[in-house]
Structure formats: C-alpha cells, structure tokens
Protein chains: 2
Amino acid sequence: MKVDGRACRTIWREPGAPAVQVIDQRDLPHRWRVQVLRSHEQACVAIAQMWVRGAPLIGVTAAYGMALQCVADASDEALAHARRLLDSTRPTAVNLAWATRRMHEALLPLAPAQRAAAAWTLADAMAEEDVAVNAAIGEQGLAVLRERAAVRRRDGAALQILTHCNAGWLATVDWGTALAPVYRAHEVGLPLHVWVDETRPRNQGASLTAWELAQAGVPHTVIADNTGGHLMQRGQVDVVLVGADRVSARGDVCNKIGTYLKALAARDNDIPFYVAVPCSTLDLGVDDGVAEIPIEARSPREVTHISGRDAHGRIVEVQLTPDGSPALNLGFDVTPARLVNGLITERGVVAASDVRLLSRVPPAPGTAG
Amino acid sequence: MKVDGRACRTIWREPGAPAVQVIDQRDLPHRWRVQVLRSHEQACVAIAQMWVRGAPLIGVTAAYGMALQCVADASDEALAHARRLLDSTRPTAVNLAWATRRMHEALLPLAPAQRAAAAWTLADAMAEEDVAVNAAIGEQGLAVLRERAAVRRRDGAALQILTHCNAGWLATVDWGTALAPVYRAHEVGLPLHVWVDETRPRNQGASLTAWELAQAGVPHTVIADNTGGHLMQRGQVDVVLVGADRVSARGDVCNKIGTYLKALAARDNDIPFYVAVPCSTLDLGVDDGVAEIPIEARSPREVTHISGRDAHGRIVEVQLTPDGSPALNLGFDVTPARLVNGLITERGVVAASDVRLLSRVPPAPGTAG
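The notes below deal with the structure included here. One numbering rule holds for all chains: residues counted from 1, following each sequence as written. Chain letters and ligand numbers both follow the written order, the letters beginning at A and the numbers at 1. Two thresholds apply to this predicted model, a pLDDT of at least 70 for residue-level local features and 80 or more for giving and counting side-chain atom pairs, whereas whole-chain, interface and lining totals are computed over all residues. Derived side-chain values reflect all non-hydrogen atoms in the structure, with water molecules and hydrogen atoms excluded from consideration.

1. Digging into the pattern of salt bridges
Residues and elements named next belong to chain A.
- Note on definitions: salt bridges are taken to be side-chain nitrogens of Lys or Arg within 4 Å of carboxyl oxygens of Asp or Glu. Under the defined criterion, the tally for this structure stands at 56 salt bridges over all chains.
- Between glutamate 296 and arginine 298 there is a salt bridge whose closest N-O contact spans 2.9 Å.
- Note on classification: 1.4 Å probe, protein chains only; a residue is buried when its accessible area is under 20% of the maximum for its type, exposed when over 50%, partly exposed between these limits. A relative accessible area of 7% means that glutamate 296 is categorised as buried.
- Each member of the salt-bridge network shares a partner with another, and the members are Asp24, Arg26, Asp27, Arg31 and Arg33.

Structure (structure tokens):
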C-alpha cells in the first residue's frame, strides 16, 4: 500500500546488509519511524514490544529473525535457541510458531555454511507469499462484500463495514487480511464506509486502521469499542469483518480482545460476521479455542496509561486511572465458531466448521506452500 | 461516602449564600476541585459539560438550577425559560426532565415572592430523597448479591461483580445506584471484587468508579471495555450490575454506550444481569426503548482526544487518532428487556417486564414522594 503516495511494505531487506527494516508502529499515526533489525534478539524485541504486530507480520518478522541468527551463528544449537526465543515473544498468534518451525525444518538438513543464504531466500519467499495470500484474500472477500452490498444497498448508499483492531496491511507484509477486501472493493468502486473500533487497549484501530484507511482514501469513522452494538441495533452496520490470530480446528476464532462482543451483537442483529485469515492462522492442533488457546496477559500499564500527541506535537504518555487501582490487560478473546458466518481465506470462503476440510484444499497457485 | 476519610456528597448548599457547590468530576481521579453554581445558567453548564453527571445527580442539580432561577427572577416566564434550558442540556436521562417538572409544578401555584424559599426547600428534599432512595437500593441489592454469593461462592472466594460506567455515589447525591449494593455488601463483610470497565469514551469507569472503590477500600480491577466478555467465558464474573439513565415501560434499559454488549455476553454465559435504578428513572411514556429513546451524540473530540496525568502531575489532553479521521461519539445504548434479569429499585427487585406494575407500588417510607 502507499504512504503519502509512495509504495511501502511493513518489512523489507536493508540493501547490501544482513539486516531488515520495519515500520515502528508504536508511534503511529503521530510519528513515522523505521527501525533496523540486525539480530534475532532485535527481532524478538520488535515482536515483544510491538514495533511490529499482527499475526502474519509477526510470522514473517520471526522468519527473518531466524535468518539473522544464521548470519551470526548457523549451528544447530544456535538455531534451536533462536527459535525458542522467538516463539516465546508472544504466545497467542499461531503464525509465529508456524514461521519459525518452517524455517527451522528447512534449514536443519543443510550444512551450516549453506544455511544463511537459504534462510534469506526462504524468509523472502515467505514475505512474498504473505503478500500473494493477502491479495487472494482480498479477491475472495471482495465477492463477499459485493454479495452483501447487493442485499443491503439501497439507492447507491455505502456498504457499512465494522472492523475491530488492525487487520490491515500494517498487520501483514502488505494488503492486510480483513482490510484486503476493503481495499479491493474501494479500488473497484464499490461505495463503502468503515466503522473503526478504536480497540482498547493499545488502540490499534484508532491509531493504525484509521491511519491506513485515511492514507488509502477509504471513508471511515472511528468509534469507541462500546459503540458497535448500538450501531447494529440501528441498522447502521451491514457486515462485520475482522482478522484473527489463531483459528481452532472447530472454527473458534482467537482475535484481539473484544471481538467476541462484536460477534454476539452481530448475531443478535442478524448481521453476518466474517473472519479473514490466511491458512497459516489455522491451528488443527487446537479444537476448543475457548479452553485451549493461551491468552496473552500484557502489562497493566497499557490499560492504566495511554500515549498520544499533545498540543505541541509531542508524543506524551498520560495516566488514566487512580494510583491505587490495579488493572488487568488481556490481549485476546475467543469467538466460538457458532457466531462466525464464514472464514475468508486465500483458498476460498468457508464455514467456520469447515476448517479441517479447508486444510486439505490445495493452495492457490503462487500463494501458500 | 468518604473522601480521604471525610464524609462528602456530590452537591451541597453553600452556607449563607443562594448557591450550591458541586464536585467538578472532570479532572478526577487526578485533581479534586469544587465549583460554585450561582445561577441556572451555571447549572446548565455544569450538566452539559459534565462537571456533574449520572442520571440522579443531573436531576438534583437541575432542581437546584430551578431554585437558583427563583432567586434571580421567579416570574412564570423566567421559570418556564429555565426549565426549557435545563431540559435541553442532556437529552437521554429522564431524571432531568422529571426533576424540573416536579419543581415547576410545585412552584407555579405559589406567588412569585414565595417561590425561592419553596424551591430551596423542595430541592433540598429531592437531594435527601435521592440519598434515601439509593440507601434503599443498596439494601435491596445486598439481598441480590448475598443470594448470588450463596450460589457461586466456593471456599470463601470473593463474589465477582462486573460494572460498566459510573453508577456510584458520584452519579447521585450519595451512595450511588449500582454501587450502593456493593458498598453495603462491603460494609457487612461479604467478600467481593469488582471488575471496572474503563468505559470509553470519557472513561467514567477508570476515572470515577475506580477512584470511588479505591476510596472505599473495595477490591477492584480496571479492565478495557473489550475484556468483560472473555472474563465471563472464563467463569470470572458472577453477576453484572449497572445503573441506567432511562428505563422504558417494557423494561428496555438505556445506559452508557456498551452496556448492551455486556448484557449480550452475560446472557451468552448464563450470568445474571441486573440494573439498579431509582423509580424516577422509569419512563412510562416510552415503550420501545431501542426505537424511542433519544441517544445523545456528544463531541467527537471525546473519542479523538483523551485527558490524563502526565509524568509531571499535569493534566494533559492528547490526540489518539490521525488528523484525517472523523469520529462518532454516541453516549448511550439500549439493552432490550429480554436481556435484563432484574431491576433493583428502592421499592423492590422486579423483572424488567414489571416496570408498569412497579410504578403502582407505593414508595417505601422516607424515599420517593
């Protein structure tokens, strides 16, 4: 996607150096900053401290983290250590472990001297694959939005889409998952408007999704997370479209905390609730998502404090709560499959109950391996 | 309730002057400030700008606003004008119009020269009545919490209560509505813990409810509004207890935006959802709350910006969203009666469907007139 009119991705190779560059997403939308990652430890910091976030981008960053380790030390021990360290940075998104395992399994059979070159090649391929997968999700989702617009649109009024958190291009290498269909629909001229949940804590909606949509010229409005249910009651939402960090074998969807509440409201108001995910987000090793998926508890400070831009343009952190009040910060929740109308993947749109079936469908040409 | 150990109410007469003082709630929990209201216009500003908020406190402030008008000009025209002005400050809470009508109807039959004295007497009585009503709600709700604790408590573990927004003593003259039973239960030694929704926008939970509970020594934890559904899925919530700004004749509950989402999650997880309200919040003139209750749209700035305390102790406002992103700020939503397990009122605990019946029950001695 474009930033101020220039094509941009979230992660790219530094020319002529064994390093990658990433957009530091912590200060967006107020400040544009690029960070260089030169070691797997730096990749770990970038993931854990959320310079990069979003399940697909975390996966690709971890893949490059493995490549960076190969440059420093490509021994079996070093690779196993780097994989463990990367896997421990964030527990919920399954793409992370998927990416490091894929790298590790491809590199282990090679002689250590060959591993660095192979690792860069594979990590590059995984980045390109992510772009292709998301483009395919965009096409699949476009059909869903077109169909929904045909049902709901009156007199050329915009299709009203509600999204939660950021599943845009900033959550991936490019295009995004939930926002890929939105960008495609906007490109082909389907009138639409996006309700952007601000997405506390960390405000990825207010800071990242809103910024992405503004950059792309897509009409949108930021709302408090509390607002979506009421908009649905008033008929002002036609479809809910979110991403996911992990989808269980029976179709339970783990995504940013609060997603479950929107799914409940969508069902209560007979509004379709779709989840856009690459197949790398499917985890056949987990069946009951509510009981089995580990939910990341992050620092309470993300609830008690918040950052923003003050009147002088400085980024300032302020405290919201009384000194004596503790806080709990859970990053994700799990939406049961019964509330999900469909999964939009690069291989097609399926019912949440068809995750196992989907895993046996061959990948589209040029997408996942 | 007590502030730093000293008994305090939210509104009181300034000794020896035709004026009232209120706690300015805008900068809580970071700064304690008291404002003096000397005219009905100042009462309007205090309500509209939310120096005071909460349906019962808005009502009493408006009653004092009518008294202040009587001091300046007690003519029929002046009273009608003040009533219209006060009624227009906030559209959703029904207590506001209830209070000004009650004042107006009591004052009109009197000679203008008698009105000021009568107005102060009646406004004082309405303030005392609010305290008595809330104390009665506390007793009624205590029985509900005790019953729930008997069902849910294992090994003396705390009863887990989730609340949304601020329906504590800061929302009333004293005691609060939803928090009155919590304070009573804490007084009698029932172990409990309150999950406090931060309640965006305006964060009345993080700033006011958390501050109240900390002052009273009630165990509590602040959470993002997105979190409650997941806690319910994990069995960490025993009962949801909120206040309301208006309850329709068929029992639909209008309360701070986001209440509906918590009611949906409570129902999905078989957790009782209770609404604590004085009977002055019941509006028999409205049947279908979703369709008929006007929902206040406030400034988008309450979504795009937020205030807090910076590292130097200053209260600073920061911008959260990109410059190019609009926002929508709706203050309330409506929870359909079918999701409400019971209304806790000063006259008893009833099913939401029994609002009409309840309105025919005589008031408890010493409470509403």
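2. Describing the interface of chain B and chain A
- Listed per partner, the contact involves 64 residues of chain B and 64 residues of chain A.
- What counts as buried area is the accessible surface, traced by a 1.4 Å probe, that two parts surrender upon association, with contributions from both included. Carbon and sulfur atoms make up 59% of the surface buried where chain B meets chain A, a total of about 4,900 Å² over both sides.
- The interface formed by chain B and chain A includes six salt bridges.
- A salt bridge links aspartate 268 of chain A to arginine 338 of chain B, with the nearest nitrogen and oxygen atoms 3.0 Å apart.
- We define a polar contact as two N or O atoms separated by no more than 3.5 Å, with the added condition that, inside protein, one atom must be a possible hydrogen donor and the other a possible acceptor, whereas residues neighbouring each other in sequence contribute only through side-chain atom pairs. Across the chain B-chain A interface, the total number found is 29 residue pairs in polar contact (both at pLDDT 80 or more). Should any heavy atoms of two residues lie within 4.5 Å, those residues are counted as being in contact.

3. Thoughts on helix α5 (residues 112-152) of chain A
- Between the first and last C-alpha of α5 of chain A there are 58 Å, a value that for 41 residues agrees with the 60 Å anticipated at 1.5 Å per step.
- Two axes are fitted around each residue, one to the seven residues ending there and one to the seven starting there, and the angle between them is reported as the bend at that residue. Each helix is a run of H or I in the DSSP string that is no shorter than four residues. Each strand is a run of E no shorter than two, and both are numbered from the N terminus. The sharpest bend along α5 of chain A comes to roughly 25°, located at alanine 118 of chain A. In this scheme, a helix's expected span is set at 1.5 Å multiplied by one less than its residue total.

4. Some words on the sheet that holds strand β18 (residues 348-350) of chain A
All names here are of chain A.
- Here we have seven strands laid out as an open sheet, ordered β8-β7-β6-β9-β12-β17-β18, and mixed in their pairing. Strands with a single pairing partner mark the edges of an open sheet, and in this sheet they are β8 (220-223) and β18. Adjacent strand axes in the sheet meet at a mean angle of 25°, parallel and antiparallel pairs treated alike.
- When DSSP finds at least two bridges between two strands, those strands are taken to pair. Sheet topology places strand β6 (residues 159-163) next to strand β7 (residues 192-197); five bridges connect them, and they run parallel. In the strand pairing of β7, glutamine 160 is matched with histidine 193.
- All axes here are fitted lines through C-alpha atoms, helices being fitted over the stretch that makes contact, and every angle between N-to-C directions spans 0 to 180 degrees. Running over the sheet, helix α6 (residues 179-187) touches β6, β7 and β9 (239-242) and is turned about 155° from β7.
- Taken strand by strand, helix α7 (residues 204-216) contacts β6, β7 and β8, and its axis lies near 160° from that of β7.

5. Describing the side chain of aspartate 197 of chain A
Residue and element names in this part refer to chain A.
- If you trace the backbone, aspartate 197 turns up in strand β7.
- Side chain to side chain, aspartate 197 and histidine 164 meet in a polar contact 2.7 Å long.
- Residues within four places of aspartate 197 in sequence aside, it is in contact with Leu162, Thr163, His164, Cys165, Gly205, Ala206, Ile223, Ala224, Asp225 and Lys262.

6. Things to note about the relation of the copies chain B and chain A
- Rotating chain B by 180° and translating it 0.0 Å along the rotation axis places it on chain A, where the RMSD comes to 0.0 Å. Taken together, the rotation angle and the small translation identify this as a two-fold axis. When each C-alpha of chain B is compared by its distance to the rotation axis, leucine 261 of chain B comes out closest, at 2.9 Å.
- Interface residue correspondence from chain B to chain A reaches 100%, placing this contact among same-surface, isologous pairings. Copies are brought into register by a least-squares superposition over C-alpha atoms of residues with pLDDT of at least 70 in both.

7. As for the packing of helix α1 (residues 40-48) of chain B against helix α2 (residues 55-72) of chain B
Residue and element names in this part refer to chain B.
- Between α1 and α2, the shortest axis-to-axis distance is 8 Å and the interhelical angle comes to 165°. The pairing of α1 with α2 is recorded here as roughly antiparallel in orientation. Taken as a pair, α1 and α2 cross one another with a handedness that is left-handed. Touching His40, Ala43 and Ile47 of α1 are Ile58, Thr61, Ala62, Gly65, Leu68 and Gln69, all from α2. When an angle is under 35 degrees it counts as roughly parallel; over 145 it counts as roughly antiparallel; between 65 and 115 it counts as roughly perpendicular; any other value is oblique. Crossings are sorted by hand: turned counterclockwise from the far helix by less than a right angle, the near helix makes the crossing left-handed, and turned clockwise it makes it right-handed.

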